[in-house]
Amino acid sequence: MIIERQEQVTDAVLAAMSDTGNPRLAVIMNSLVRHLHDFVREVQLTEPEFEQAIGAVVALGQLTTATHNEVVLAADVIGLSTLVCLMNNGPAGNTETAAALLGPFWRMNSPVTRNGDSIVRSPTPGENLAVRCAVRDVNGAPVAGAVVDVWQASPVGMYENQDPDQADMNLRGQFTTDAEGRFWFSSVKPAGYPVPTHGIVGTLLAAQKRAPLRPAHIHFLIYKPGFKTLVSQIFVDDEQQLQSDVVFGVTRSLVGKLDRGADGLSLAHDFVLAPGEAILPTPPIS
Ligand code: BEZ
Ligand code: FE
């Protein structure tokens, strides 16, 4: 098609793509082109702004390394990652535990740890925290033999792989639920932490006057054949921090119940697994 007016550009592109063989690719690209063209019209994008946008996409790629993914981080801070996560893992029957982002810090092969043991593997000053959890199916029956990976930041807000002061695999562990579906361990209360701000995402957050902070949380990945793998986080921070998670990861049902009893601080949480396929995600780091 030879274009005579700018109004014809969108239709020309849609027509050029109309023989796409893969039907899902056809739906996605058709919608993407329509929305992008509408976006350009809506904001009346100028040529310098277009150049800047292209530069930003290039920078996202260039800043991405084996240990840092600036593209994912950009998706995180505009809520895209959480939207895709909740859309695809929403409670189908209003019973199973809500999913939350895997994040960039899950490692495979966390140390196998017995129930009741500690995941503190090198001196880690902070408040002791006892964590007691149970895993059930959607009918309330205990799920025995589920494998549970746990990982968290330290009380200074750093994962062990970011912090030379922590032993390898500190604050990580792999548990197996007992006959009653329970797993439990001791740890230290995690702190919130900033997402990396050395790149284009940091520049954007500063321009938007947003704090780059995630509220304190513990990650859980629960796996058992016959159940949909649950990737989730339990938040242990105060309400104010929970309100401003830079990656929009806090959902109400994932706010943990902390109890300060005579034995110290404890967190209890029950997880509910939906039936489905047990698939492990690709680890973002090794
Ligand atoms: C995390 O929870 O570990 C995380 C999630 C998204 C971006 C950065 C960190
Ligand atoms: Fe995290």
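Use the structure listed above.
Residues numbered from 1 in each chain as written. Chains lettered and ligands numbered in written order. Predicted model: local features only at pLDDT ≥ 70, side-chain atom pairs only at ≥ 80, totals over all residues. Heavy atoms only, no water.

Participant: Explanation requested: the overall build of the chain in the structure shown.
Facilitator: The number of helices and strands found in the chain is seven helices and ten strands. Taken along its principal axes, the extent of the C-alpha atoms in the chain is 75 × 40 × 35 Å. When each of the 286 residues of the chain is scored for burial, the buried share is 38%. Pairs at least 24 apart in sequence give 74% of the contacts found in the chain among residues at least 6 apart. Working note: accessible area of the chain is about 15800 Å², and carbon and sulfur atoms make up 58% of it. Positive and negative charge centroids in the chain, built from 20 and 30 side chains respectively, lie 6 Å apart. (Helix = DSSP H or I, 4+ residues; strand = E, 2+ residues; numbered from the N terminus. Buried < 20%, exposed > 50% of the residue type's maximum accessible area, 1.4 Å probe, protein only. Contact = heavy atoms within 4.5 Å. Areas by Shrake-Rupley, 256 points an atom, 1.4 Å probe, with all protein chains shown as cover. Lys, Arg positive; Asp, Glu negative; His and termini not counted. Charge placed at Lys NZ, Arg CZ, Asp CG, Glu CD.)

Participant: Whenever I open this one, the coordination of the iron ion (ligand 2) confuses me. Can you help?
Facilitator: Any two of four tetrahedral donors ideally make an angle of 109.5 degrees at the metal, while pairs among six octahedral donors ideally make 90 or 180 degrees. Distances from the iron ion (ligand 2) to its protein donors, Tyr159 (OH), Tyr193 (OH), His217 (NE2) and His219 (NE2), fall within 1.9 to 2.1 Å. Around the iron ion (ligand 2), the six donor atoms sit at angles spanning 52 to 166°, and that spread fits a shape best called irregular. Of note, the iron ion (ligand 2) draws all its donor residues from one chain, in the sequence arrangement Y-x33-Y-x23-H-x1-H. Highlighted residues: Tyr159 in the loop between β2 (147–152) and β3 (172–176) and His217 in strand β7 (residues 217–223), separated in sequence by 58 residues. Across this residue pair, the class does not change: Tyr159 and His217 are buried. (Donors = N, O, S within 2.8 Å, 3.2 Å for Na, K, Ca; no water. Tetrahedral: all angles 85-135°; square planar, octahedral: opposite > 155°, others 65-115°.)

Participant: Looking at this structure, how should I read the pairing of strand β1 (residues 128–137)?
Facilitator: Each regular strand shows side chains that alternate between the opposite faces of the sheet. In the sheet, β1 pairs with strand β4 (residues 182–188) via seven bridges, with the strands oriented antiparallel. Each residue of the ladder has a partner; that of Arg132, found in β4, is Trp184. Of the strand pairs in this sheet, β1 and strand β10 (residues 264–273) are connected by nine bridges, and their pairing is parallel. Pairing of Arg136 across the sheet is with Val272, part of β10. (Pairing = 2+ DSSP bridges.)

Participant: Sorry, what's going on with the sheet that holds β1 here?
Facilitator: In a beta sheet, neighbouring strands are held together by backbone hydrogen bonds and run either parallel or antiparallel to one another. Spatially, four strands are ordered β4-β1-β10-β9 in an open sheet, and the strand pairing comes out mixed. Each edge of the open sheet carries a strand with a single partner, namely β4 and β9 (257–261). Direction aside, the axes of adjacent strands within the sheet are offset by 25° on average. (Axes fitted to C-alpha atoms, helices over the stretch in contact; angles between N-to-C directions.)

Participant: Can you help me understand the sheet that holds β2 in this one?
Facilitator: The strand order across the open sheet formed by four strands is β3-β2-β7-β8, and the pairing between neighbours is antiparallel. Of all the strands in the sheet, just β3 and β8 (230–235) have a single pairing partner and so form its edges. Here the strands of the sheet are splayed against their neighbours by 20° on average, with no regard to which way each runs. Relative to β8, β7 runs antiparallel, the two being bridged by six bridges. Counted as the bridge partner of Phe220 is Ser232 from β8.

Participant: It is not clear to me how the site of ligand 1 should be interpreted in this structure. Could you clarify?
Facilitator: Around ligand 1, the neighbouring residues are Asp76, Gly103, Pro104, Phe105, Tyr159, Tyr193, Val195, Arg214, His217, His219, Gln233 and Val247. Arg214 places a polar side-chain atom, nitrogen or oxygen, 2.5 Å from an oxygen atom of ligand 1. Looking at the shell around ligand 1 residue by residue, the class counts come to six nonpolar, four polar and two charged. (Near = heavy atom within 4 Å. Polar contact = N/O pair within 3.5 Å; in protein donor to acceptor, adjacent residues only side chain to side chain. Nonpolar A, V, L, I, M, F, W, Y, C, P; charged D, E, K, R; others polar.)

Participant: What is the right way to read a nonpolar patch on the surface from this model?
Facilitator: Together, Leu25, Ile28, Met29, Leu32, Leu36, Phe39, Val40 and Val43 make up an exposed nonpolar region whose accessible area comes to about 640 Å². With a relative accessible area of 36%, Val40 lands in the partly exposed category. (Patch = residues over 30% accessible without salt bridge, like charges linked within 9 Å, V, L, I, M, F, W, Y side chains within 5 Å. Salt bridge = Lys/Arg side-chain N within 4 Å of Asp/Glu carboxyl O.)

Participant: Help me out: how do you make sense of the packing of aromatic side chains in this one?
Facilitator: Where two aromatic rings form a pair, the distance of their centres and the angle of their planes describe that pair. For the coordinates displayed, the defined rule picks out nine aromatic pairs. Ring plane angle 20° and centroid distance 5.0 Å describe the contact between Phe175 and Phe185, whose orientation is recorded as stacked. Placement of Phe175 in strand β3 and of Phe185 in strand β4 is noted, with a sequence separation of ten residues between them. Of the two residues, Phe175 and Phe185, both sit in the buried class. (Phe/Tyr/Trp six-rings, centres within 6.5 Å; stacked < 30°, edge-to-face > 60°.)

Participant: For this particular structure, what's the right way to read the pairing of β9?
Facilitator: Where β9 meets β10, five bridges bridge the pair, whose relative direction is antiparallel. Counted as the bridge partner of Gly261 is Gly264 from β10.

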